Amino acid sequence: MMDRDRFPVDPWRLVETSYRLDDAGVTETIFAVANGYLGMRGNYAEGRFANEHGTFINGFHETFPIRHAEQAYGFAEVGQTIVNAPDAKVMRVYVDDEPLSLDVADVREYERVLDMRDGVLRRHMLWVTPSGKEVRIELERLVSFEEKHLAVLSVEVTVLNADAPVTVSCQLINRQDGEDVYGGMPPTTRRAAFDPRRTERLSERVLQPQEFWQDGQRSALSYRTTQSGMTLAVVADHLVETENEYTTRSLIEPDIAKNVFRVQARAGVPTRVTKLVSYHTSRGVPARELVDRCRRTLDRAQARGVDAVRAEQRAWLDAFWERSDVRIAGHDDLQQATRWCLFQLAQASARADGLGVPAKGMTGSGYSGHYFWDTEIYVLPFLAYTSPLWARNALRMRYLMLPAARRRAFQLNEAGALFPWRTINGEEASAYYAAGTAQYHINADICYALATYVRATGDQEFLFREGVDIAVETARLWATLGFWRSSNGGLDGEGETFHIHGVTGPDEYTTVVNDNLFTNVMARFNLRFAARTVREMAEIDGEVYRQMVERLALEPGEPESWERAAEAMHIPFSPALGIHPQDHVFLEREIWDLENTPPDKRPLLLHFHPLVIYRYQVLKQADVVLALFLQGNHFSDEDKLADFEYYDPLTTGDSTLSAVVQAILAAEVGYQDLALQYFRDAIFVDLADLHHNAADGVHVASAGGVWTALVSGFGGMRDHFGELSFDPRLPAEWPELSFVLHWHGTRLDVTVTKDRLTVRAGEGDPVAFSVRGVGYVVGPGEEVAVPLEGQGPVIPGRPSLRQLGEARREDGSLISASVPTVTSSIPIITGTVDVQHGADV
């Protein structure tokens, strides 16, 4: 899937052996460096030929009024978008006053490396100038995990075969409000006119200059955002190491700072310029205070020394890989891609420190820097089982959003809290309610993530102190959003079922429906979890329970009402087809024949009006299938197989969230070759730009899903009811799969081969687990090896619409598949339009 001449396989490094300007957007994304707070895209240090010059800070955003063509009560009113922070990456090199410009440079050697053990982006280049001077240039870029406000950049220039004047121009540039430093936008910044996944472009000035100054080799810029009132400061200091003579020049303006080093370079004598940069942001602290914080950050870094910063980065990552690595024996290409995905999860979440995990991390402006349900369903399981503190921080972000979520629920005439579908500051920012606010399932997704974290860690203190507020308030919303229906007139409460109408599930190609299966199943979990948590608190810690009751004004009968609604939750099922319909009327729609849909009409959202898509049985991403995974203990093996075989041919995979889930269920039900194919689609979605939008930033949720596909799909791990279990599905061509889990503080090293599963425990308490229904216990320092008879059922090929055969709906009508088509001939003066819809295939 990748050009392996240009990007050779290396288990620990992403290597590029030649550069191209036409795909700069993709390489800017995949070579980005970040730490969860600060991110720098992999832009060239020369400061030109970028798809998006990007430096992003988690949570640093501007607001703007959302303009609806037709306004209605309760629509989101204020949008939020991430702001492009001042760019500190520019370190431009001149030799004989000729700039290194990659579009025309005679480059004899080139290698760019993202080292995932060192946490450093490096670039080596041998440039031959028009006058024949051979110039070796070594660049490094590091965003510190240990010191989240710090980045270290350096360039070393050596003229190998002659003396020559060398200039290094280091800059800070406000690109949010300005053009390219040369006064124009290079061609590579031009983008397609329409893609709803891209960030908003603000026409008014965003960053209002505050304090700016230079002191020696230290430069400072600071700003306040026009509407949101957030503040930002960036300060850069410069260290020069050389035996050559040099002088310095500087320039400071509100939107640019330059520190220029003019070197009389002697042949073979290197000049190294190191740039230490600090960023600080706030929701209200004056910019001057942030400048002082930046200065203190730089002072600490200089006191420790740059070598110490690099050593700390390596030690931090050594610890990360020790507790997080997943190893695939015999497949270095997959190993490289797996580690790149895990590295992206660290870059997106490690130092979020109570902020959310944006859909693109800090690697691009796609989705406007918003937080979605991605964090809870796709990213948090990895965090909970490898770095629990990061998971707790992510959940605290949701806890801190509860006041805004309560206001939103009240606005929509519901009790409890309704979390925003997409947000940065806690307020709903989705302008399209059908595929935004209507996705009420985000409440249950957050509660599910809370339960996942508590199951993995046993962190009862967090659950009882803050987590319970999330559980109670989300349950309250379901209790009022849903309603009761009775089949026998309501006599003695028998025959009553609980329904949830007017919602959208994960599949955004079907919106505002009744009884979406995923929503109902997850709401049922949410209601049960809240009731169980409240009762456990009362039994375990009466005082904490009393405080919670007082804090949340919990009525005595609420937990019982939640349990009653959960038990009566309507779960759609079609006896005629033997499957679970995605919603109440899903099976009444016509089937979209994806097998005969032209490739140039994909993804559907970019080529068909939503109303066209909504009329068909066609999925953007797994919906029912995702419910089968998350709540698999409530579905039989036969249900899972039947549902997977029905929905898989209807799923476009237009969302990058889909392939990982399809891989997990395909492996479980027996389509093991197909599972591996979906896994490869997921693991290379950015590295090979499979969805043609990697330029907008890393698909962080897909990266998280890769871990889940490995551990839960092929490793067969589940934690239903808080019990650890395994039922592996190791691909036939993999000799071994090994991964690390942390269960209630005990490290577990799990290894799967074709005939054995081995669990080795570290220090801590004994851990009980089961393998295919048989229970085991592993003590600290012990190892348990369990023989395996095969890797589960094996079904060749993949499900197809042809398998429906003569299948009929409940009303007896025959199910058929078609593609919406339009053919027209329109003469210049008068004419007719011949339209053909839904031709049967």
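It should be emphasised that the depicted structure is a prediction, and the values quoted were computed from it without experimental measurement.

Participant: I would appreciate a short explanation of the overall build of the chain in the present structure.
Facilitator: Secondary structure summary: the chain contains 18 helices and 34 strands in total. Its C-alpha atoms give the chain a radius of gyration of 28 Å, within 12% of the compact-globule value 28 Å for 841 residues. Projecting the C-alpha coordinates of the chain onto the three principal axes gives extents of approximately 95 × 80 × 55 Å. Within the span of the chain, comprising 841 residues, buried residues form 61% of the whole. Intrachain contacts of the chain at a sequence separation of at least 6 include 68% that bridge at least 24 residues. A total of about 31,500 Å² of accessible surface is found on the chain, and carbon and sulfur atoms cover 49% of it.

Participant: How should helix H9 (residues 460-481) be read in this particular structure?
Facilitator: Helical periodicity: at 3.6 residues per turn, an α-helix aligns residues three or four positions apart in one direction. Glycine 467 marks the point of greatest bend in H9, at about 60 degrees. Across the 22 residues that make up H9, a large majority, 17, are buried.

Participant: What exactly am I supposed to notice about the pattern of salt bridges here?
Facilitator: One side chain can pair with another of opposite charge once the charged atoms of both are near each other. Under the definition given, this model contains 65 salt bridges. Its salt-bridge partner being arginine 41, residue glutamate 52 comes within 3.9 Å of it at the nearest N-O pair. A residue pair is termed long-range when its members are at least 10 positions apart, and glutamate 52 in the loop between strand E3 (38-40) and strand E4 (55-65) and arginine 41 in the loop between E3 and E4 qualify at 11 residues. A relative accessible area of 8% places glutamate 52 in the buried class. For arginine 41, a relative accessible area of 0% translates into the label buried. Each of the salt bridges in this network shares a partner with another, and the network as a whole consists of Asp115, Asp118, Arg122, Glu140, Glu156, Arg272, Asp307, Arg310, Arg314 and Asp318.

Participant: Is there a simple way to think about the layout of surface pockets in this case?
Facilitator: A water-sized probe, rolled over the atoms, reveals where empty space remains. There is about 710 Å³ of room inside the second largest pocket. Going through the elements one at a time, helix H16 (658-669) and helix H17 (672-683) are the ones with two or more residues in the lining of the second largest pocket. Sorting elements by how many residues they give to the lining of the second largest pocket places H17 first, with four residues. Looking at side-chain class alone, the lining of the second largest pocket contains nine nonpolar, 11 polar and seven charged residues.

Participant: Quick question: what am I supposed to make of empty space enclosed by the protein here?
Facilitator: For the structure shown, the criterion picks out six cavities of 30 Å³ or more. What lines the largest cavity is a set of 14 residues, and nearest its centre among them are Pro381, Tyr448, Phe629, Ser712 and Asp719. Secondary structure elements with two or more residues in the lining of the largest cavity: helix H5 (374-386), helix H8 (441-457), helix H14 (624-630), helix H18 (700-714) and strand E25 (717-718). Grouping the amino acids of the lining of the largest cavity by side-chain chemistry returns eight nonpolar, four polar and two charged. Roughly 120 Å³ of volume is contained in the second largest cavity. Taken together, 14 residues make up the lining of the second largest cavity; nearest its centre are Asn43, Leu121, Arg123, Leu139 and Arg141. Looking at the lining of the second largest cavity, the elements with two or more residues in it are strand E9 (120-128), strand E10 (134-143) and strand E11 (150-159). Partitioning the lining of the second largest cavity into residue classes produces six nonpolar, two polar and six charged.

Participant: I tried to follow the side chain of threonine 519 on my own but got confused; where do I start?
Facilitator: Tracing the chain through its elements places threonine 519 in helix H10 (residues 517-540). At 2.8 Å, the side chain of threonine 519 and the side chain of asparagine 516 are in polar contact. Apart from the residues lying within four places of it in its own chain, the contact partners of threonine 519 are His441, Trp478, Val503, Thr504 and Gly505.

Participant: What should I look at first to understand the packing of H5 against helix H6 (residues 388-400) in this one?
Facilitator: A pair of packed helices can be characterised by two numbers: the angle between their axes and the separation between those axes. Here H5 crosses H6 at 145 degrees, and the two axes come no closer than 6 Å. Residues Thr375, Glu376, Leu380, Leu383, Ala384 and Thr386 of H5 form the contact with H6, whose own contacting residues are Pro388, Trp390, Ala391, Ala394, Leu395, Met397 and Arg398. For the contact of H5 with H6, the per-class residue count stands at nine nonpolar, two polar and two charged.

Participant: Sorry if this is basic, but what is going on with the pairing of strand E8 (residues 106-115) here?
Facilitator: Bridge count for strand E1 (residues 13-16) against E8 is four bridges, and the pairing is antiparallel. Within E8, the residue paired with leucine 14 across the bridge is leucine 114. In terms of strand pairing, E8 meets E9 through nine bridges, oriented antiparallel. Paired with valine 107 across the strands is tryptophan 127, a residue of E9. Between the antiparallel neighbours E8 and E9 lie four residues, among them glycine 119 with a positive phi of about 70 degrees.

Participant: How do you make sense of the sheet that holds strand E26 (residues 725-726) when you look at a structure like this?
Facilitator: Strand pairing within a sheet occurs via backbone hydrogen bonds; the two strands may be parallel or antiparallel. The four strands are arranged E25-E26-E30-E31 in an open sheet whose pairing can be described as mixed. Unpaired on one side and paired on the other, E25 and strand E31 (774-778) mark the two borders of the sheet. Strand direction decides the pairing type here: E26 and strand E30 (residues 767-771), joined by two bridges, are parallel. Within the sheet, the bridge partner assigned to serine 725 lies in E30 and is serine 770.

Participant: How should I be thinking about helix H2 (residues 287-304) in this particular structure?
Facilitator: Compared with an ideal rise of 1.5 Å per residue, which puts 18 residues at 26 Å, H2 spans 26 Å between its outermost C-alpha atoms and is within 8% of the ideal. For H2, the set of buried residues is Ala287, Leu290, Val291, Cys294, Thr297, Leu298 and Ala301. Viewed end-on, H2 has its buried residues packed into an arc of 120 degrees, placing them on one side of the element. H2 presents Arg288 and Ala303 as exposed residues on the side facing more than 90 degrees away from its buried surface. Check the buried side of H2 and you find it contacts E11, strand E14 (213-215), strand E15 (218-225), strand E16 (231-242), strand E19 (271-282) and helix H3 (306-324). Phi for glycine 305, located one or two positions after H2, is positive at around 95 degrees.

Participant: Honestly, the packing of H3 against helix H4 (residues 332-349) in this entry has me stumped. Any pointers?
Facilitator: Where H3 meets H4, the closest approach of the two axes is 12 Å, and the angle between their N-to-C directions is 120 degrees. When you trace H3 past H4, the crossing you get is right-handed. The residues of H4 that touch H3, namely those facing Trp316, Leu317, Phe320, Trp321 and Ser324, are Arg339, Leu342, Phe343 and Ala346. Each residue belonging to the contact of H3 with H4 can be placed in one class, and the counts come to seven nonpolar, one polar and one charged.

Procedures and definitions
- Residues numbered from 1 in each chain as written.
- Predicted model: local features only at pLDDT ≥ 70, side-chain atom pairs only at ≥ 80, totals over all residues.
- Heavy atoms only, no water.
- Helix = DSSP H or I, 4+ residues; strand = E, 2+ residues; numbered from the N terminus.
- Rg over C-alpha atoms; globule rule 2.2 N^0.38 Å.
- Buried < 20%, exposed > 50% of the residue type's maximum accessible area, 1.4 Å probe, protein only.
- Contact = heavy atoms within 4.5 Å.
- Areas by Shrake-Rupley, 256 points an atom, 1.4 Å probe, with all protein chains shown as cover.
- Bend = angle between axes of the 7 residues up to and from the residue.
- Salt bridge = Lys/Arg side-chain N within 4 Å of Asp/Glu carboxyl O.
- 1 Å grid on protein atoms, 1.4 Å probe; cavity = no way out; pocket = protein on both sides within 12 Å on 5 of 7 lines; lining within 4 Å.
- Points joined across faces, edges and corners; volume = space filled by probe spheres on them.
- Nonpolar A, V, L, I, M, F, W, Y, C, P; charged D, E, K, R; others polar.
- Polar contact = N/O pair within 3.5 Å; in protein donor to acceptor, adjacent residues only side chain to side chain.
- Axes fitted to C-alpha atoms, helices over the stretch in contact; angles between N-to-C directions.
- Pairing = 2+ DSSP bridges.
- Expected span 1.5 Å × (residues − 1).
- Arc of directions from axis to C-beta.
- Left-handed = near helix turned anticlockwise from the far one by under 90°.

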